[in-house]
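# Structural characterization, general
Given next are the chains, with one letter for each unit.
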Amino acid sequence: MSEVIHDNGRKIHPIIVPTRSDLGSFNFYLVEEEGSVSLIDAGINSAKCWDFFTESLGCKGLSLKDLDRIIITHNHEDHVGLVDRIVSKHDIPVYVPENSIHRLKRDKDFFRMRTEFFSQLYREMGCGEAGEKQVEKLKEALEDHDKKKVQADLTQIESDPINGLKPIQTPGHSPDHLVFLDEKRGWLFSGDLLIRHMSSNALVEPDHEGNRLPTLLQQEQSLEKCSSFDIQIAFSGHGVTIENPQNLIEVRLSGIKKKAEKVLNYVNNGTDTASKLGKTMYKGKYESQFSLVMSEVIGHLDYLEIHKKVEKEMNNGVWHYKAL
Ligand SMILES: [Zn+2]
């Protein structure tokens, strides 16, 4: 269990649930102040996570009944996992980012469109069988949507969900991503925008109309936005709490530029489709972590295209890239 951080009447109790995956841990945070207890993010839906959560509450002399609200940074399942379980036992408001409700509620039309989006994307990126396999998985997942959707009533975050905790739009990792800034104390609840031990993926996603979002560019802009804040501590969605995160933000920003250079070099040397880039750069991971690899590659190609470093041409239904 992590130590409590407190200042000026506001206490943060980090709940850090270890995992053997690369993420290191699933983190969520109790924010306690006079007369109110809020939960920022809600972990993953597992027995271990639930036990950790309820034991952590107990250690702090709190119970579920003391919770007043849940506040969510973004729609990914490892951030909303316990929402329904908590709300079914203790009915409290759940505040979520604008743009996440259709995802959390598994809106059928949206997800059908999203599946079609990836089907076309992987085809046009030359992914062949690996792409078709991934689309099959997405289609199968559509069947499970009623089971997987968040059942609780959701309220869109429109202003500070608690006093002096400002929501800031930071898309990139996900289109709906928010961080929450406590300006007075220099605290940032950074969700998955900023993780100490790994750079977070800017996952390729469509917007409402099915257009591909420039997710890596968005991620860069979101990091730049945060670099202008005076932050002493970033409470991250995974891994350790980050003190004085400015350096790390700079490292992540230069990391984006470096990786884009690397992709550009491959394109320069004639690796001219996204699928070839995925196979060449990521080897076995192209098959084992297909969607993440393609997100990385496509994100960087879009980024290079926006910066006029590459251009693409459709050839036999597949986009071919060349350096400019
Ligand atoms: Zn995430």
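### Brief notes about the packing of helix α10 (residues 274-282) against helix α12 (residues 290-306)
One can describe the packing of α10 onto α12 by two numbers: an axis separation of 9 Å at closest approach and a directional angle of 120 degrees. Here α12 runs oblique to α10, going by the angle between their axes. Between α10 and α12 lies a crossing of right-handed hand. Listed contacts from α12 to Ala274, Ser275, Leu277, Gly278 and Tyr282 of α10 are Val293, Met294, Glu296, Val297, Ile298 and Leu301. Considered class by class, the residues forming the contact of α10 with α12 number eight nonpolar, two polar and one charged.

### So, the coordination of the zinc ion
Every protein donor of the zinc ion is accounted for by His74 (NE2), His76 (ND1), His173 (NE2) and Asp192 (OD), and the metal-donor separations fall at 2.1 to 2.3 Å. Considering all four donor atoms around the zinc ion, the spread of angles at the metal, 89 to 175 degrees, places the coordination shape in the irregular class. On the basis of relative accessibility, which here comes to 3%, the residue aspartate 192 falls in the buried class.

### Observations concerning the packing of helix α8 (residues 215-227) against α12
Two elements in contact, α8 and α12, have axes whose closest approach is 7 Å; the angle formed by their N-to-C orientations is 75 degrees. One way to sum up the angle between α8 and α12 is to call them roughly perpendicular. Contact with α8, carried on its side by Leu216, Leu217 and Glu220, involves Gly299, His300, Tyr303 and Ile306 of α12 and no other residues of that element. Across the contact of α8 with α12, the residue classes break down as four nonpolar, two polar and one charged.

### Topic: the domain arrangement of the chain
Once the domains are mapped, the chain shows domain 1 (5-105 + 150-244) and domain 2 (108-144 + 255-323). Centre-to-centre, using C-alpha coordinates, domain 1 lies 29 Å away from domain 2. Contacts between domain 1 and domain 2 engage 21 residues on the former and 21 residues on the latter. Taken together, the links from domain 1 to domain 2 amount to three salt bridges. The shortest N-O distance in the salt bridge between glutamate 205 and arginine 114 comes to 2.7 Å. Remark: the boundary between domain 1 and domain 2 carries five residue pairs in polar contact (both at pLDDT 80 or more). Counting only elements with at least two residues in the side of domain 1 that touches domain 2, the list comes to α4 (101-104) and α8. Across the side of domain 1 that touches domain 2, the residue classes tally to nine nonpolar, six polar and six charged.

Definitions and cut-offs
Residues numbered from 1 in each chain as written. Predicted model: local features only at pLDDT ≥ 70, side-chain atom pairs only at ≥ 80, totals over all residues. Heavy atoms only, no water. Axes fitted to C-alpha atoms, helices over the stretch in contact; angles between N-to-C directions. Helix = DSSP H or I, 4+ residues; strand = E, 2+ residues; numbered from the N terminus. Parallel < 35°, antiparallel > 145°, perpendicular 65-115°, else oblique. Left-handed = near helix turned anticlockwise from the far one by under 90°. Contact = heavy atoms within 4.5 Å. Nonpolar A, V, L, I, M, F, W, Y, C, P; charged D, E, K, R; others polar. Donors = N, O, S within 2.8 Å, 3.2 Å for Na, K, Ca; no water. Tetrahedral: all angles 85-135°; square planar, octahedral: opposite > 155°, others 65-115°. Buried < 20%, exposed > 50% of the residue type's maximum accessible area, 1.4 Å probe, protein only. Domains from an automatic or database assignment. Salt bridge = Lys/Arg side-chain N within 4 Å of Asp/Glu carboxyl O. Polar contact = N/O pair within 3.5 Å; in protein donor to acceptor, adjacent residues only side chain to side chain.

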